[in-house]
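Examination of the molecular architecture
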Amino acid sequence: MWYKPYGRTGKKISVVSFGGMRFDNPDDIDANAELLLHAHAQGINYFDTAPGYNAGKSEEVFAAAFKQMPRDSFYCSTKSGKSDGGQLRADLEKSLRRMNVEKIDFFHIWCITSADQWPRRKAGGAVAAALKAREEGLVGHVAASLHLSGREICEIVREGLLEGITVGYNMLNFPFRSSALECAAEMNMGVVTMNPLGGGLIPNDAGRLDFLRGSGDRSVVEAAIRFNVSHPAITSALVGFTTKRHIDEAVAAVEDFQPYDAGHIENLKSKIDEGFDNLCTQCGYCLPCPEGVEISKLMEAYNHKILGQGDQDIVNRLNWHWGLMPEAAAACVECGQCEGKCTQHLPIIERLKHIAGLKVK
Ligand code: SF4
Ligand code: SF4
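Bear in mind the structure is a predicted one, so any value in this text is a computation, not a measurement.

In the contact formed by helix α2 (residues 58-66) and helix α3 (residues 85-99), the axes pass within 8 Å of each other and the chain directions differ by 45 degrees. The orientation of α2 relative to α3 falls into the category oblique. Between α2, through E59, E60, F62, A63 and F66, and α3, the contact on the second element is made entirely by S95, R98 and M99. Residue composition of the contact of α2 with α3, grouped by class: four nonpolar, one polar and three charged.

Here is the structure:
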């Protein structure tokens, strides 16, 4: 396994890490814990969960695995989405009890999905409570998981309160977030990337995306993982594993791998530009919308339909990843401003109408 320094923390984490967001059999704690143990045996040492993952059972799965792993051989990451400092503290204490650990190595201010949320987390005392817990030794390092544009992430990163960030970054959305990685590198911060496989889009549409595979890549999934870990600013790619085979494939992708050089990355970029003419690339040029429509998030969710998935996948993506409901698209007054600026020349208004009409099951 290849390990990279997590920013200025002095810790080194595996370039592939374990995300416990969902498991195929949510109630089978022991079988799911086996996955963590298998990953650990392959050299993965960063395990990321959250109180709400896997219908609230993910932390139980992690506890079942952690008690079988030497404490100094892994790092544990969890989160709180509370703005109120007291409530964040209660979440933290519950996570410590539930996972039966004395410290959360990386504690995240969770799920910042719009620019106004970070000031709210500070004003409510959540950020201060996390930093206090670090002083007390209950938390090793304070990070945040951010679903914002590169520019918005830079503003947060430059405040200097955080030691790391967890951000969505992959072959499909990287133009939207590249500047965030540059800022994090300037601040010597750890960067963990969530959704390196595009929220399942890349493995689910591997045939169509096969052109992204380089000559040495055995699969487009391997190419996607390598794309992330080759970036000098990225510490680790967080993958939501549900089978041992997926773990083995991801570990094999980085074993004895020489990071892609700049020329290869540029070549990939040009392929993406050519091949993704009807996909939203998350560049953010359409923003801001005068009506406050979260265009890039809604269009990213619509990508899931284009890549062969159904309307329910749009709804799930909006809800689970972006914290939005389909009616968020209904605020569009069809001024056309965004379509004039869209780098992909997407029919944004038509897609927003489609999303606004979707029913939540
Ligand atoms: S067309 Fe709709 S989404 Fe686009 S800028 Fe105008 S109001 Fe916003
Ligand atoms: S809708 Fe167009 S301009 Fe907006 S983020 Fe997507 S590709 Fe970029």
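Here the narrative resumes.
Okay, the side chain of R226 next. Note that R226 resides in helix α9 (residues 220-230). Here R226 falls in the buried class, since its relative accessible area comes to 8%.

Turning our attention to α3. In an α-helix there are 3.6 residues to a turn, and that puts residues three or four apart on one side. Compared with the 21 Å implied by 1.5 Å per residue over 15 residues, the 21 Å span of α3 between its first and last C-alpha is a close match. Those residues of α3 not exposed but buried are G85, L88, D91, L92, S95, L96 and M99. Taken down its axis, α3 places every buried residue within 135 degrees of arc, on the same side. Of the surrounding elements, those touching the buried residues of α3 are α2, β5 (75-80), β6 (104-112), α5 (126-136) and β7 (139-146).

Let's shift gears to the pairing of strand β3 (residues 16-19). Of the two faces of β3, the one holding V16 and F18 and the one holding S17 and G19 are both buried throughout. By the bridge criterion, three bridges tie β3 to strand β10 (residues 236-239) in an arrangement that is parallel. Residue F18 lies in a different strand from β10, and its bridge partner there is V239. Here β3 runs beside strand β4 (residues 46-48); their pairing, made up of two bridges, is parallel.

Rules behind the numbers
Residues numbered from 1 in each chain as written. Chains lettered and ligands numbered in written order. Predicted model: local features only at pLDDT ≥ 70, side-chain atom pairs only at ≥ 80, totals over all residues. Heavy atoms only, no water. Axes fitted to C-alpha atoms, helices over the stretch in contact; angles between N-to-C directions. Helix = DSSP H or I, 4+ residues; strand = E, 2+ residues; numbered from the N terminus. Parallel < 35°, antiparallel > 145°, perpendicular 65-115°, else oblique. Contact = heavy atoms within 4.5 Å. Nonpolar A, V, L, I, M, F, W, Y, C, P; charged D, E, K, R; others polar. Buried < 20%, exposed > 50% of the residue type's maximum accessible area, 1.4 Å probe, protein only. Expected span 1.5 Å × (residues − 1). Arc of directions from axis to C-beta. Pairing = 2+ DSSP bridges.

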